[in-house]
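The lines below spell out each chain.
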Amino acid sequence: MTFQHPARKGPDGERGRFERLAELASNFTGSPVFAVFCVGLVMLFVAVHLAGLSAEWQILVGDSMAAVALLLLAMLKNAERRAEHAIQRKLDAIARALLEQQEGECGRAHEDLKAAVRMEERL
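No experiment lies behind these values; they were computed from the predicted model shown.

What counts, and at which threshold
Counting restarts for each chain, with residues numbered from 1 along the sequence as it is written. For a predicted model such as this one, the threshold for reporting local features is a pLDDT of at least 70, and the threshold for listing and counting side-chain atom pairs is 80 or more; totals across whole chains, interfaces and linings nevertheless cover every residue. To obtain the side-chain values, all non-hydrogen atoms of the structure were used and water was disregarded. Runs of E in the DSSP output that reach at least two residues are strands. Runs of H or I that reach at least four are helices, and both are numbered from the N terminus. Here's how the labels work: a residue is buried when its accessible area is under 20% of the maximum for its type, exposed when over 50%, partly exposed in between, all with a 1.4 Å probe on protein chains only. Computed by Shrake-Rupley with a 1.4 Å probe, the accessible areas treat only the displayed protein chains as cover when residues are assessed. Any two of the Phe, Tyr and Trp rings considered here, Trp counted by its six-membered ring, make a pair once their centres fall within 6.5 Å; the pair's planes then place it as stacked at under 30 degrees, edge-to-face at over 60, or tilted in between. Angular values range over 0 to 180 degrees, each being the angle between N-to-C directions of two axes fitted as lines to C-alpha atoms, with helices fitted over their stretch in contact. Comment on the angle field: the value is read as roughly parallel under 35 degrees, roughly antiparallel over 145, roughly perpendicular from 65 to 115, and oblique elsewhere. In this scheme the crossing of two helices becomes right-handed for a clockwise turn of the near helix relative to the far one and left-handed for an anticlockwise turn of less than a right angle. Between two residues, a contact is recorded if the distance between any of their heavy atoms is within 4.5 Å. Residues are grouped as follows: Ala, Val, Leu, Ile, Met, Phe, Trp, Tyr, Cys and Pro are nonpolar; Asp, Glu, Lys and Arg are charged; all remaining types, including Gly, are polar. Salt bridge, as used here, is a side-chain nitrogen of Lys or Arg placed within 4 Å of a carboxyl oxygen of Asp or Glu. To count toward a patch, a residue needs a relative accessible area over 30% and no salt bridge; like charges are then connected within 9 Å, while nonpolar side chains (Val, Leu, Ile, Met, Phe, Trp, Tyr) are connected within 5 Å.

**Student:** Looking at this structure, I do not really get the overall build of the chain. What am I missing?
**Tutor:** When helices and strands are counted, the chain shows 4 helices and 0 strands. Listing the helices and strands of the chain from first to last along the sequence gives α-α-α-α. When the 123 residues of the chain are sorted by exposure, 20% land in the buried category. For the chain, the accessible surface area stands at approximately 9100 Å², while carbon and sulfur atoms represent 65% of it.

**Student:** Can you help me understand the packing of aromatic side chains in this one?
**Tutor:** The description of an aromatic ring pair rests on the distance of the ring centres and on the angle between the ring planes. Under the criterion given, the structure shown has 2 aromatic pairs. One aromatic cluster is present, formed by Phe-28, Phe-34 and Phe-37 through successive ring pairs.

**Student:** Mind showing me how you'd approach the packing of helix H2 (residues 32-51) against helix H3 (residues 55-102) here?
**Tutor:** Two packed helices can be described by the angle between their axes and the distance between those axes. Two elements in contact, H2 and H3, have axes whose closest approach is 9 Å; the angle formed by their N-to-C orientations is 155 degrees. Taken together, the axis directions place H2 and H3 in an arrangement best described as roughly antiparallel. In this structure, H2 crosses over H3, and the sense of that crossing is left-handed. Along its contact with H2, which presents Phe-34, Phe-37, Cys-38, Leu-41, Val-42, Leu-44, Phe-45, Val-48 and His-49, the element H3 presents Trp-57, Gln-58, Val-61, Gly-62, Ser-64, Met-65, Val-68 and Leu-72. Classifying every residue of the contact of H2 with H3 by side-chain character gives 13 nonpolar, 4 polar and no charged.

**Student:** Hey, could you run me through the pattern of salt bridges in this one?
**Tutor:** Pairing of side chains with opposite charge becomes possible as their charged atoms draw close. The tally for this structure, following the rule as stated, stands at 2 salt bridges. A salt bridge links Lys-77 to Glu-80, with the nearest nitrogen and oxygen atoms 3.6 Å apart. In this pair, Lys-77 and Glu-80 both sit in helix H3, 3 residues apart, roughly one turn of the helix. The partly exposed category is assigned to Glu-80, whose relative accessible area is 41%.

**Student:** Mind showing me how you'd approach the environment of Ile-94 here?
**Tutor:** Within the element layout of this structure, Ile-94 appears in helix H3. Along the primary structure Ile-94 and Asp-112 are separated by 18 residues, whereas in three dimensions their C-alpha atoms are 8.6 Å apart.

**Student:** For this particular structure, what's the right way to read the packing of helix H1 (residues 17-29) against H3?
**Tutor:** The N-to-C vectors of H1 and H3 enclose an angle of 110 degrees; their axes lie 10 Å apart at closest approach. In this view, H1 runs roughly perpendicular relative to H3, as classed from their interaxial angle. Every pair of crossing elements has a handedness; the one defined by H1 and H3 is left-handed. For the pair H1 and H3, contact is made by Phe-18, Ala-22, Glu-23, Ala-25, Ser-26 and Thr-29 and by Leu-72, Met-75, Asn-78, Ala-79 and Arg-82, respectively. Grouping the amino acids of the contact of H1 with H3 by side-chain chemistry returns 6 nonpolar, 3 polar and 2 charged.

**Student:** Explanation requested: a nonpolar patch on the surface in the structure shown.
**Tutor:** On the surface, Ile-87, Leu-91, Ile-94 and Leu-98 cluster together into a nonpolar patch covering about 370 Å² of accessible area. Owing to a relative accessible area of 48%, Leu-98 belongs among the partly exposed residues under this scheme.

What follows is the structure in structure tokens.
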């Protein structure tokens, strides 16, 4: 196991299974379907307590809410790190392109800048 930035791609330039899963999960957790699921889970939590069901049911619903919250935290952190990496790459590309332009050149830095403009869609 390696502790790399989540936006870093593998040696072949492709995203791994976790990166693809994290992207899908991030998209799902931002959807209206997931919001309805969360509202339903909270309503279930309230209903179990109001109905006075056994402690096992209360623990089950409470643990479900805790698990969803933990997963959301992990997905949020992953998405934040990928966005941070994309922004930093863009800023680096802009700085290199500006330096090249000052020196009167138009080369590799301009190509890097073009590639970085929409890179968050590829991460």
